[in-house]
Number of protein chains: 4
Amino acid sequence: MKIDPEGLQAPYLQLADALRARIKSGEFQPGRKVPSQTELEDMTGLSRNTVKKALDVLKVEGLLITAPGRGLFVAERPKT
Amino acid sequence: MKIDPEGLQAPYLQLADALRARIKSGEFQPGRKVPSQTELEDMTGLSRNTVKKALDVLKVEGLLITAPGRGLFVAERPKT
Amino acid sequence: MKIDPEGLQAPYLQLADALRARIKSGEFQPGRKVPSQTELEDMTGLSRNTVKKALDVLKVEGLLITAPGRGLFVAERPKT
Amino acid sequence: MKIDPEGLQAPYLQLADALRARIKSGEFQPGRKVPSQTELEDMTGLSRNTVKKALDVLKVEGLLITAPGRGLFVAERPKT
DNA sequence: GTGGTCTAGACCACT
DNA sequence: GTGGTCTAGACCACC
């Protein structure tokens, strides 16, 4: 989950790509498993809003679901 | 990065040459590193459009890549 | 908004009664206005969960609406 | 384009709704017409990021297209 | 603890 | 001027 703040791609896109890959590879199974936003902040060194922007991408793609007070979930039937 | 407004070559070409030399010398590595357009303006005393013209030359040459809102990047595999 | 921990009624019911009275009296208008959960904690000295129980009562009654991340609202058309 | 910062709905959703309505009503025709982000900030009193969040919603819906340095456009064939 | 929302400000390239 | 990105901090309800 290496993010390069100086890289060509925007950090939030790098994060989205990394998470998408982990989900599609099956590393993150439907159910919980996904690190929380706070954990992702710590893991990547990104700010809250940037992490959320990455998650927004995956939510739109139907891969992730967020639940206030509960955490992040991998969608049951991700659109491949 | 001295630019001579009265020189033989047009200022934007002088700038392009100077930047190309720095890239090929390895001073600017693939990844980030390249000064922003604004910085180049300050460094050279040239106008926005002149700086842009210099960058356009290098973009056409495949040496530079630009990412809106992110900055200027040296291409990963510069076409020598 | 005095709450008596030793009173006849459970504290959360006392809070619910106090808030209901304020809403019906028009002190809290439809729209925003209602103090946040955190503010209610400070005002009453009650715990988070106790405050929540009081609010749950009013939500069930249709007097209050809650919006995650936004706050507490008096319902537009309270069921009298 | 009245936005109530204290309203039940999140301001960015209020803005998205207002713009969506204007687009679907034909007030904003395909082409330019849409107020810039800066104008929307002034019109609504919202912050930059909140305006952008509203626009993100409409971009995902396929109603709006953004072009760096050019402005906001109503999509040619909005999905109804 | 979790995620949701908003603000203020900064820097970037693009036209 | 335009939109795009990132940071830092604040407050909120939810579990």
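None of these values were measured; they are calculated from a predicted model.

A. View of the protein's contact with DNA strand F. Around DNA strand F sit 37 residues, and of these A:Pro11, A:Asn49, C:Arg48, C:Thr66 and D:Thr66 come closest. Close to the protein, within 4 Å, the atoms of DNA strand F are drawn from sugar and phosphate at a rate of 62%. Here a phosphate oxygen of DNA strand F and a side-chain polar atom of C:Ser36 are 3.4 Å apart. In terms of residue class, the surface near DNA strand F is built from 10 nonpolar, 17 polar and 10 charged.

B. The interface of chain C and chain D, seen in detail. Every contact between the two is made by five residues of chain C and, on the other side, seven residues of chain D. Carbon and sulfur atoms make up 57% of the surface buried where chain C meets chain D, a total of about 500 Å² over both sides. Summed over the shared surface of chain C and chain D, the result is one salt bridge. Residue C:Arg32 is joined to D:Glu6 by a salt bridge in which the shortest nitrogen-to-oxygen separation is 3.2 Å. Its residues placed into classes, the side of chain C that touches chain D shows three nonpolar, no polar and two charged.

C. Expanded view of the packing of aromatic side chains. Per the stated rule, a full pass over the model turns up zero aromatic pairs over all chains. The ring of C:Phe73 carries the charged tip of C:Arg32 above its face, separated from the ring centre by 5.8 Å.

Rules and cut-offs
Residues numbered from 1 in each chain as written. Chains lettered and ligands numbered in written order. Predicted model: local features only at pLDDT ≥ 70, side-chain atom pairs only at ≥ 80, totals over all residues. Heavy atoms only, no water. Near = heavy atom within 4 Å. Polar contact = N/O pair within 3.5 Å; in protein donor to acceptor, adjacent residues only side chain to side chain. Nonpolar A, V, L, I, M, F, W, Y, C, P; charged D, E, K, R; others polar. Contact = heavy atoms within 4.5 Å. Buried area = accessible area lost by both parts, 1.4 Å probe. Salt bridge = Lys/Arg side-chain N within 4 Å of Asp/Glu carboxyl O. Phe/Tyr/Trp six-rings, centres within 6.5 Å; stacked < 30°, edge-to-face > 60°. Lys NZ or Arg CZ within 6 Å of the ring centre and 35° of its normal.

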